[in-house]
Amino acid sequence: PVRIYNPQRKVVTAWLRSTFDYTPDRTESISPDTDRDRWAVFLPRCFCNVDVWINNVKVGSGGAFTLPMPQYRRPLIFDFPTAILQETDNQIVMRFGRESTVLRLTRTYVGPRTGFVPTYNHGWLMLYWIPLVIFGFMVVLSMIMGLLWLQRRDERAYGWYALMLLFWSIHH
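Given the structure is predicted, the values throughout are model-derived calculations rather than measurements.

Enquirer: What am I meant to see in the side chain of serine 142 here?
Expert: In this structure, serine 142 sits in helix α1 (residues 113–151). The buried category is assigned to serine 142, whose relative accessible area is 6%. When residues no more than four places from it in sequence are discounted, the contact partners of serine 142 are Ala162, Leu165 and Leu166.

Enquirer: I would appreciate a short explanation of the sheet that holds strand β4 (residues 49–54) in the present structure.
Expert: Adjacent strands of a sheet pair through backbone hydrogen bonds, lying either parallel or antiparallel. Sheet architecture is open: four strands sit in the order β2-β7-β4-β5, paired in antiparallel fashion. Where the open sheet ends on each side, the last strands, each with one partner, are β2 (12–20) and β5 (57–61). For this sheet, the mean angle separating the axes of adjacent strands, direction not counted, is 15°. One ladder, built from six bridges, connects β4 with strand β7 (residues 90–98); its direction is antiparallel. Looking across to β7, one finds that aspartate 51 is bridged to arginine 95.

Enquirer: Would you take a moment to explain the sheet that holds strand β3 (residues 38–46) for this structure?
Expert: The strand order β6-β3-β9 describes an open sheet built from three strands, whose pairing is antiparallel. In the strand order of this sheet, the two ends are held by β6 (74–81) and β9 (109–112), each with one partner. Neighbour to neighbour, the strand axes of the sheet diverge by 25° on average, direction disregarded. Sheet strands touched by α1: β3, β6 and β9. Its angle to β6, the strand with the most contacts, is close to 155°.

Enquirer: Any chance you could explain unusual backbone geometry here in plain terms?
Expert: Glycine aside, residues mostly have negative phi, and peptide bonds are mostly found in the trans state. Look at asparagine 55: it is not a glycine, yet its phi comes out positive at around 50°. Along the polypeptide, asparagine 55 turns up in the loop between β4 and β5. What makes asparagine 55 buried here is its relative accessible area of 16%. The residue asparagine 56 is not glycine, and still its phi comes out positive at about 65°. In this fold, asparagine 56 is placed in the loop between β4 and β5.

Rules used throughout
- Residues numbered from 1 in each chain as written.
- Predicted model: local features only at pLDDT ≥ 70, side-chain atom pairs only at ≥ 80, totals over all residues.
- Heavy atoms only, no water.
- Helix = DSSP H or I, 4+ residues; strand = E, 2+ residues; numbered from the N terminus.
- Buried < 20%, exposed > 50% of the residue type's maximum accessible area, 1.4 Å probe, protein only.
- Contact = heavy atoms within 4.5 Å.
- Pairing = 2+ DSSP bridges.
- Axes fitted to C-alpha atoms, helices over the stretch in contact; angles between N-to-C directions.

See below:
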């Protein structure tokens, strides 16, 4: 991982350029519509906005680069047909951006899409669905505690607990 620190700027951006080779599997079909013939750029823990180009073809965008910038916290996968690949010297260019003074670049993987899908789905579960379920649980629990406080107003702990749970769930 690379950390870029710029205390003067409100938005930190970075460009990454690299090359990779592609060996086509001659046994597969040539149709670009099959999942086997698609490759992907996979970022498992991306906490910034990303644009990705393969051989000067934009294959994906992970958010806007204008203020205010949303801060996504999720894995990203950008799939593309193998028809845009050459056997050697394929160029990948990525632009990263974040509304912060620190930008942290994580590992990036390029390869057949089918190999990344299970890890991508697990990342969505861990970084999106589980926090969403916890948020919902906290809101429901704060409502239950609030109802308990309404029944027993002399026990203020229920009211404070309900209020703090609600604030904590809204904060996250």
